[in-house]
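Spelled out from the first residue to the last, the chains are:
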Amino acid sequence: MRDRITDLLHEVADDVEPGDRLDAIRSEIGVRRPGRGWWAAGGVGLVAASVVAALAMTTGAPAPTEPQPVAPPASTGADAATQAVAVYYQGDTGLGLRLYREFRGVRTDDPLTAALTLVFEGTPADPDYRTGWAPVPGTFVGAEVVDDVVRVEIGDPELLLEHDPPVAQNALAIEQVIFTAQAALQERLPVQFVHDGEPVSELFGRDASEPLLGAPQDEVLAPVSLSDPSEGREVDNDESLTVRGTTFAPDGTVTTRIRRWEGTFVAAEKVDRVGLGNEAPVSFTATFTLGELPPGDYVVISEVTDPSGAVTTDTRRITIVD
Amino acid sequence: MAAPPRLEAADADAAVEQLYAAHWRQLVRLSVLLVHDQAAAEDVVQDAFVAMHGRWSRLRDPDKALAYLRQAVVNRSRSMLRHRVVVDRHARRTTLGDVTVEGPSVGGARRDAVRDALLELSERQREVLVLKHYLDWSEAQIADALGISPGAVKAHAHRGRAALRELLGDWWEDGS
């Protein structure tokens, strides 16, 4: 039974003759890297994984109150809107659940929205990470900067609270949003959650009526977090591999190993002494020549030890090729 | 409307091709009802297809993929509208009315009247009416998609319908 409104809406809609966008969609979907199933979660255009791998990430020595800085990626010479965004996900550490940072290649003119979409709806490339947000449609509506405050628009908070399973699994999920937004904007701006234009007063048990700056870094960030290589990267054993990351290095050192994926054989190990007294993350590197390593799957493991003896690692799977 | 072709391949690329062939037009039309701008609607649905492709390994099923596409189109239409309103505010441009589809068409006076009337509704009323009467979604589905309660859906539908009747006047009664 069609009612009046249905007829009227169809009259308007049926008059629309959409243009063809199939080619545009095909090119946005991009080229899949042969062999491995690299994929990025929906919401942003994919770039070829080789472009992401080519982006050189370096971090400078940050000031204590700044978000973890990232230097602009090396130019790819391609589309100007291709860029890497930092996304914060949750992972297990020796100190409990903490935030790890992952870089994702996107093609967008709105890195803030792209990065936050990956927090709310995305799946981490690293299988050890997870996001604290259940993919409930309508949770994340949009984000913009107004008067030096990042306004993150979400769905009705009361409904999100009632949802089963819970939309936000823990308080760290809120920190994911704050740190990711700040990284996208490269500025430590406060984040205001809003719904229907109004500030959200409470979010999962936490007062959100005022804009949030984020918890202290040494309380929420993982003690060690890798920037390079990205998960699943292929590396030629004629080239050297430089592992890069950031760390609090509680005992002043970071140990990086390359281990065969199957088994426990450690092929190479390096220690970077970054010094003590780090209230904010500092960068570390470990460079390996791979010529002696037979092709195959390996895992890069960077490890730090807390004074209490708790060990935290971050890992990336790589494939060494001839 | 003919049933969509059976999706054989589980591959994401093939899914995009087949879902595009079967549903692209209707999805753009859905978005046009919400954003009132054909080019913007095409952008919205294009993005939704790319998003669906990225999520295919979790969907793996043509019905789920279509549901995901519709949801994505609704969400993105809403953000697009808001983003545009914000941009317009900042640029001190004139009202949202400026972004309607091209002007009066021959024999389309009632269609134009309906388009204008839709624009006069609140965003929520428009969304609820379109999802209820164009997509034929249940109250529960609409509530889920928009992140509001079923009671709110009822209220928006009721008020929206009344507002539309009033705005359309004689056009409403003309049943031809």
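The structure displayed is predicted, hence computed values, not measured ones.

**Some points on the nonpolar core**
Item 1. If you look at the biggest cluster of nonpolar residues, it comprises 62 residues, and the most contacted ones within it are Phe-49, Met-52 and Leu-164 of chain B.
Item 2. By residue number, the principal contributor to this core is helix 1 (residues 12–35) of chain B, which donates 13 residues.
Item 3. If we ignore the near neighbours within four places in the chain, the residues touching Met-52 of chain B are Val-16, Leu-19, Leu-59, Ala-65, Tyr-68 and Leu-69 of chain B.
Item 4. Of all hydrophobic cores here, the second largest spans 37 residues; its members include Val-106, Ala-114, Val-119 and Leu-203 of chain A.

**With respect to the sheet that holds strand 6 (residues 198–199) of chain A**
All names here are of chain A.
Item 1. In space, the 4 strands of this open sheet follow the order 3-4-5-6, with mixed pairing throughout. The open sheet has two edge strands with one neighbour each: strand 3 (140–146) and strand 6.
Item 2. In this structure, strand 3 lies alongside strand 4 (residues 149–154), joined through 6 bridges in antiparallel fashion. Along strand 4, the bridge assignment pairs Phe-140 with Ile-154.
Item 3. Across the sheet, helix 4 (residues 111–121) lies against strand 3 and strand 4, angled at about 145° from strand 3, the strand it touches most.
Item 4. Sheet strands touched by helix 6 (residues 172–185): strand 3, strand 4 and strand 5 (191–195). Its angle to strand 5, the strand with the most contacts, is close to 115°.

**Comments concerning the confidence of the model for chain A**
Item 1. On average, residues of chain A score 78 in pLDDT, and 83% of them are at 70 or above.
Item 2. Here residues 31–80 of chain A is a poorly scored stretch, pLDDT under 50, and it has 105 contacts once near neighbours within four places are set aside; other chains count.

**Examining the pairing of strand 11 (residues 240–247) of chain A**
All names here are of chain A.
Item 1. Where strand 9 (residues 224–228) lies against strand 11, 4 bridges are found, and the strand directions are antiparallel. Within the sheet, the bridge partner assigned to Val-224 lies in strand 11 and is Thr-247.
Item 2. Bridge count between strand 11 and strand 14 (residues 282–289): 8 bridges; the pairing is antiparallel. For Thr-242, the partnering residue across the bridge sits in strand 14 and is Thr-287.

**Focus: the interface of chain A and chain B**
Item 1. With 44 residues of chain A in contact, the opposing surface of chain B contributes 55 residues.
Item 2. In total, chain A and chain B occlude about 4500 Å² of area from one another, counting both sides; carbon and sulfur atoms represent 53% of this.
Item 3. Between chain A and chain B we count 9 salt bridges in total.
Item 4. At the level of elements, helix 1 (4–14), helix 2 (22–29) and strand 3 of chain A are the ones that each hand at least two residues to the side of chain A that touches chain B.
Item 5. No other element matches the 10 residues that helix 1 of chain A contributes to the side of chain A that touches chain B.

**With respect to the side chain of Thr-256 of chain A**
Item 1. Take Thr-256 of chain A: it is sitting in strand 12 (residues 253–260).
Item 2. Engagement of the side chain of Thr-256 of chain A in a polar contact is seen with the side chain of Ser-302 of chain A, the distance being 3.0 Å.

What counts and how
- Residues numbered from 1 in each chain as written.
- Chains lettered and ligands numbered in written order.
- Predicted model: local features only at pLDDT ≥ 70, side-chain atom pairs only at ≥ 80, totals over all residues.
- Heavy atoms only, no water.
- Core = buried A, V, L, I, M, F, W, Y, C linked by side-chain atoms within 4.5 Å.
- Buried < 20%, exposed > 50% of the residue type's maximum accessible area, 1.4 Å probe, protein only.
- Helix = DSSP H or I, 4+ residues; strand = E, 2+ residues; numbered from the N terminus.
- Contact = heavy atoms within 4.5 Å.
- Pairing = 2+ DSSP bridges.
- Axes fitted to C-alpha atoms, helices over the stretch in contact; angles between N-to-C directions.
- pLDDT = per-residue confidence, 0-100.
- Buried area = accessible area lost by both parts, 1.4 Å probe.
- Salt bridge = Lys/Arg side-chain N within 4 Å of Asp/Glu carboxyl O.
- Polar contact = N/O pair within 3.5 Å; in protein donor to acceptor, adjacent residues only side chain to side chain.

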